[in-house]
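# Structural description and commentary
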Amino acid sequence: SQQGEEDPQALSIQEGENATMNCSYKTSINNLQWYRQNSGRGLVHLILIRSNEREKHSGRLRVTLDTSKKSSSLLITASRAADTASYFCATGSGGSYIPTFGRGTSLIVHP
Amino acid sequence: EAQVTQNPRYLITVTGKKLTVTCSQNMNHEYMSWYRQDPGLGLRQIYYSMNVEVTDKGDVPEGYKVSRKEKRNFPLILESPSPNQTSLYFCASKGVSTEAFFGQGTRLTVV
């Protein structure tokens, strides 16, 4: 199964700071997705980056992908307390499979 | 509204009493999957289905069964639940070229 591993496991920052979390994976991919999970709730898709893209933006989110290093990063700029959640990456291959997930990065943003 | 619906949201049951957690999606997605989420272990895939009558084991299938008789439904069956199956369960569905959509979760306690 395709599985991403997120790093760090936990991140605690102040409101207004930027938050960066990383994802590493093992096999070649077609795309990589980032999801967010509020405590005890289902995951919500944030952004997808394809293997031929290097960077993608969506609002305050910036995702990079380095296929040579098999890694991706998610940057949340000007963080808010409402960004407090767990963040997961997942990889896709062939556009077909349900993604599998790692343990996630738990982000706490202090007001 | 596009959604994945799981029922029940909360369930407390006794060891050995068969139970079914239902999952239904209204997006005509081909792919559906069940995950369990435990502290420190992230989301682990239990079973997934590529289409009607096509199911396969994920990473932690022991003690679970699934069926996919119709495209929209993917129930999770615990024939003889045990306390180590106490967990938070998520169902997800995905189209060929869409992201994954998650249900609200089912918190199961087996005593």
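Anything mentioned here points back to the structure above.
Just so you know, these numbers come straight off a predicted model, no measurement behind them.

### Quick notes on the pairing of strand β4 (residues 31-38) of chain B
All names here are of chain B.
- Of all eight residues that make up β4, eight are buried, and the element is covered over most of its length.
- Residues of β4 alternate between two faces, with Tyr31, Ser33, Tyr35 and Gln37 on one and Met32, Trp34, Arg36 and Asp38 on the opposite face, all of them buried.
- In the sheet, β4 pairs with strand β9 (residues 87-94) via seven bridges, with the strands oriented antiparallel. Residue pairing across strands places Arg36 opposite Tyr89, the latter belonging to β9.
- As paired elements, β4 and strand β5 (residues 42-51) share seven bridges and run antiparallel to each other.

### Brief notes about the interface of chain B and chain A
- Taken residue by residue, the interface counts 26 residues in chain B and 18 residues in chain A.
- Both faces considered, chain B and chain A share a buried interface measuring about 1,700 Å² in area, 59% of it formed by carbon and sulfur atoms.
- Three residues, Leu43, Lys94 and Phe102 of chain B, lead the burial of chain B against chain A; their summed loss comes to 27% of the area buried on that side.
- Summed over the shared surface of chain B and chain A, the result is zero salt bridges.
- One can count two residue pairs in polar contact (both at pLDDT 80 or more) joining chain B with chain A.
- Taken together, the elements giving at least two residues each to the side of chain B that touches chain A come down to β4, β5, β9 and β10 (100-102) of chain B.

Cut-offs applied
- Residues numbered from 1 in each chain as written.
- Chains lettered and ligands numbered in written order.
- Predicted model: local features only at pLDDT ≥ 70, side-chain atom pairs only at ≥ 80, totals over all residues.
- Heavy atoms only, no water.
- Buried < 20%, exposed > 50% of the residue type's maximum accessible area, 1.4 Å probe, protein only.
- Helix = DSSP H or I, 4+ residues; strand = E, 2+ residues; numbered from the N terminus.
- Pairing = 2+ DSSP bridges.
- Contact = heavy atoms within 4.5 Å.
- Buried area = accessible area lost by both parts, 1.4 Å probe.
- Salt bridge = Lys/Arg side-chain N within 4 Å of Asp/Glu carboxyl O.
- Polar contact = N/O pair within 3.5 Å; in protein donor to acceptor, adjacent residues only side chain to side chain.

That's the geometry; what it means functionally is another story.
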